[in-house]
Amino acid sequence: MKGKTIAFASSERIESFRRIADDFVLEIFDFMPGQCLITDESSLRDFTDMGTSDTSLLWDLIKMTYAIHRVDVPSEKLVDIFAEIKARESIQ
């Protein structure tokens, strides 16, 4: 019997947002940095309760914490949300 190979999605873009990612997982998901694995393909849906894909409560937290709305980003991928957070920090 041959073993199966597991390939993890790239985390290259996530690494460019490391500080933002660490803050985000603490503020939004209540995880300490390093307590969860996120990649360039990670989405808010990955962090919803089992049996649901409703991200509206997470978006409420994001709106309150970062003043970013769902319409402000092209997808629910974390890297897209982090890019918007970084863009807004650059303006300030």
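Keep in mind the model is a prediction, meaning the values are calculated, not measured. Counting restarts for each chain, with residues numbered from 1 along the sequence as it is written. Residue-level local features of this predicted model are given only where pLDDT is at least 70; pairs of side-chain atoms are given and counted only at 80 or more, and the full residue set underlies all totals for whole chains, interfaces and linings. As a rule here, side-chain values cover all heavy atoms of the structure and leave hydrogens and water aside.

Moving on to the environment of S56. Counting from the N terminus, the helices are the DSSP runs of H or I reaching at least four residues and the strands are the DSSP runs of E reaching at least two. Mapped onto the elements of the fold, S56 is located in helix α3 (residues 56-66). Separated by 12 residues in the primary sequence, S56 and L44 have C-alpha atoms spaced 9.8 Å apart. Contacts described as polar in this section are N or O atom pairs within 3.5 Å, which, within protein, must combine one atom able to donate a hydrogen with one able to accept it, while residues neighboring in sequence count only if both atoms come from side chains. Polar contacts involving the side chain of S56 include one to the side chain of D54, which spans 2.9 Å.

The next point concerns the nonpolar core. Counting 22 residues, the largest nonpolar core has F24, L44, I62, I81 and F82 as its most contacted members. When residues of this core are traced back to their parent elements, those giving at least two are α2 (18-27), α3 and α4 (78-91). Per-element tally for this core: the top contributor is α4, with 5 residues. For the purposes of this section, nonpolar cores are sets of buried Ala, Val, Leu, Ile, Met, Phe, Trp, Tyr and Cys residues that join through side-chain atoms within 4.5 Å. Relative accessible area decides the class of each residue, using a 1.4 Å probe on protein chains only: under 20% of the type maximum gives buried, over 50% gives exposed, and in between gives partly exposed.

What follows concerns the packing of aromatic side chains. Any pair of Phe, Tyr and Trp rings, taking the six-membered ring for Trp, is counted once the centres come within 6.5 Å. Such a pair is stacked with planes under 30 degrees apart, edge-to-face with planes over 60 apart, and tilted for the rest. Across all of its chains, the model carries 6 aromatic pairs by this definition. Summarising the aromatic geometry, the rings of F17 and F82 are spaced 6.4 Å apart at their centres and angled 65° between planes, so their arrangement reads as edge-to-face. With F17 in the loop between α1 (12-16) and α2 and F82 in helix α4, the pair connects residues that are 65 residues apart, well separated along the chain. Per residue, the accessibility class of F17 equals that of F82, and both read buried. Ring geometry for F29 and F47: centres 4.0 Å apart, planes at 15°, overall stacked. Taken together, the residues span a long stretch of sequence, with F29 in the loop between α2 and α3 and F47 in the loop between α2 and α3 at a distance of 18 residues. An aromatic cluster is built from F17, F24, F29, F31, F47, Y66 and F82, whose rings are joined through pairwise contacts.

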